[in-house]
Amino acid sequence: MSKKTAKSPAKKSPAKKAKPAARKSAKAAKPKKPARKGPTLAESADKFALYQRSVQSPSVDIEFFDAEFQKHRGRVPLAVREDFCGTALFSAEWCKSDPRRTALGVDLDGPTLDWGRTHTLASAPPGAAERVTLAQTDVRDTRLAPVDLIVAMNFSYCIFKTRDELRGYFAAARQNLVDDGVFALEVYGGTEAVVELSDERELRGGLTYVWEQEKFNPIDHHTLCHITWKFRDGSQLYRAFTYDWRLWTLPELGELLREAGFSTVKYYFERVEADEDDDEYLTGTGEFVEHTEIENQEAWLGYVVALK
Ligand SMILES: C[S@@+](CC[C@H](N)C(=O)[O-])C[C@H]1O[C@@H](n2cnc3c(N)ncnc32)[C@H](O)[C@@H]1O
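Here's a quick rundown of the structure. As the structure is a prediction and not an experimental result, all values here were calculated from the model.

The subject of this paragraph is helix H7 (residues 250-259). Taken residue by residue, H7 has Leu 250, Glu 252, Leu 253, Gly 254, Leu 256 and Leu 257 as its buried positions. Check the buried side of H7 and you find it contacts helix H6 (163-175), strand E6 (177-189), strand E10 (236-246), strand E11 (264-274) and strand E13 (300-307). Directly after H7, the chain includes Gly 261, whose backbone phi takes a positive value near 110°.

Dropping the structure here:
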């Protein structure tokens, strides 16, 4: 089989593949204490800023949602809800993309939302920031205002580990959509999503992003993953974020969305092309295309789009 490895440096991704040279062991090594005075780069780093820089690319997502919504609904989506919004980067970018747009960011965690207010929204143009509302509540809260589009980025719905919990979330989201509303989930998978591994990706400034899959249980698909950053002075933000998830399969997601009442479920995957540095590898293009069948791959990224 001549399948090459997909990697998409422009974007997020648990299962994103690094070239073998960048691949380390199955576990990220614990940091050694640097022997020098003053704060290390890790000690002076901000994990939320690093997270936004390493795994979020909202403009790619927005371009896709905009085009797909218009294709299926014949109008421009204006009101979005960003579930599990964290620091609300998607919400801010959404409102920057069109002066008519509004965003409701929903997250349970107060300090994370506060960071979003004092950093993401404070650095957005005021005209856009004032159209973002942040709600500290559960994404299953059905008292929230109806919107055109609900998005759940970076796989956060994987915190729901039973079919009942996930179907309950999907049904609540459906209830908070307008009649022609659309719901979109970001998905990842592939043969390497179900193994223990640690992938490294070099970022600018001597910074390395490490995605670590510490555990995977094939019986229940529970997976324990971490993000670590390594700095050029040898310091690390070791396991700055940890994810205790169930890795849902695509058919399970489709079945549960339909059981929750969505009429149509579509699957989109990133188009890849030869890596410009090394044609042994493929690079994500940021362009997502609908498929009903794909080749089984080591790593893929995509969206599941459900129409109300
Ligand atoms: C990985 S962050 C997601 C950040 C951002 N959405 C992104 O695209 O990268 C996951 C967030 O989900 C939030 N969260 C977890 N369970 C939640 C729930 N039931 N309702 C709302 N937020 C929840 C956490 O507080 C955390 O901020």
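And the narrative resumes.
The next point concerns the pairing of strand E2 (residues 79-83). Burial of E2 is extensive: five of the five residues sit out of reach of the surface. Burial of E2 is two-sided: the residues Ala 79, Arg 81 and Asp 83 facing one way and the residues Val 80 and Glu 82 facing the other way are all buried. Note: E2 against strand E3 (residues 102-107), five bridges, orientation parallel. Pairing of Glu 82 across the sheet is with Gly 105, part of E3. Note that the unit made of E2, helix H3 (residues 89-96) and E3 has a crossover that is right-handed. Pairing analysis gives four bridges linking E2 to strand E5 (residues 147-152), with the strands arranged parallel. Its bridge partner lying in E5, Asp 83 is registered against Ala 152.

Taken together, the neighbourhood of the ligand is formed by 17 residues, with Tyr 51, Phe 84, Asp 107, Val 139 and Asn 154 sitting nearest. Contact between the ligand and Leu 108: a nitrogen atom at 3.2 Å from a main-chain N or O atom of the residue. Between the ligand and Asn 154, the relevant distance is 2.8 Å, taken from an oxygen atom to a side-chain nitrogen or oxygen of the residue. Out of a free accessible area of 600 Å², the ligand has 85% covered by protein chains. One can see that the ligand is located within the largest pocket. Of the residues in the shell around the ligand, the class split is nine nonpolar, five polar and three charged.

Our focus in this paragraph is empty space enclosed by the protein. Counted under the stated rule, the structure contains two cavities of 30 Å³ or more. Its volume calculated, the largest cavity comes out at about 40 Å³. Taken together, Phe 64, Phe 65, Glu 68, Phe 69, Leu 149, Val 182, Ala 184 and Val 305 form the lining of the largest cavity. Of all the secondary-structure elements, those providing two or more residues to the lining of the largest cavity are helix H2 (58-73) and E6. By residue number, the principal contributor to the lining of the largest cavity is H2, which donates four residues. Along the lines of polarity and charge, the residues of the lining of the largest cavity split into seven nonpolar, no polar and one charged.

Next up on the list: the packing of H6 against H7. Direction vectors running N to C along H6 and H7 enclose 55°, while the axes themselves pass 8 Å from each other. It follows that H6 is oblique to H7 by the angle criterion. In this structure, H6 crosses over H7, and the sense of that crossing is right-handed. Facing H6, whose interface residues are Arg 163, Leu 166, Arg 167 and Phe 170, H7 presents Leu 253, Glu 255, Leu 256, Leu 257 and Glu 259. Taken together, the residues of the contact of H6 with H7 break down into five nonpolar, no polar and four charged.

What counts as what
- Residues numbered from 1 in each chain as written.
- Predicted model: local features only at pLDDT ≥ 70, side-chain atom pairs only at ≥ 80, totals over all residues.
- Heavy atoms only, no water.
- Buried < 20%, exposed > 50% of the residue type's maximum accessible area, 1.4 Å probe, protein only.
- Helix = DSSP H or I, 4+ residues; strand = E, 2+ residues; numbered from the N terminus.
- Contact = heavy atoms within 4.5 Å.
- Pairing = 2+ DSSP bridges.
- Right-handed = clockwise from strand over helix to strand, strands pointing away.
- Near = heavy atom within 4 Å.
- Polar contact = N/O pair within 3.5 Å; in protein donor to acceptor, adjacent residues only side chain to side chain.
- Areas by Shrake-Rupley, 256 points an atom, 1.4 Å probe, with all protein chains shown as cover.
- 1 Å grid on protein atoms, 1.4 Å probe; cavity = no way out; pocket = protein on both sides within 12 Å on 5 of 7 lines; lining within 4 Å.
- Sits in = over half its atoms within 2 Å of the grid points.
- Nonpolar A, V, L, I, M, F, W, Y, C, P; charged D, E, K, R; others polar.
- Points joined across faces, edges and corners; volume = space filled by probe spheres on them.
- Axes fitted to C-alpha atoms, helices over the stretch in contact; angles between N-to-C directions.
- Parallel < 35°, antiparallel > 145°, perpendicular 65-115°, else oblique.
- Left-handed = near helix turned anticlockwise from the far one by under 90°.

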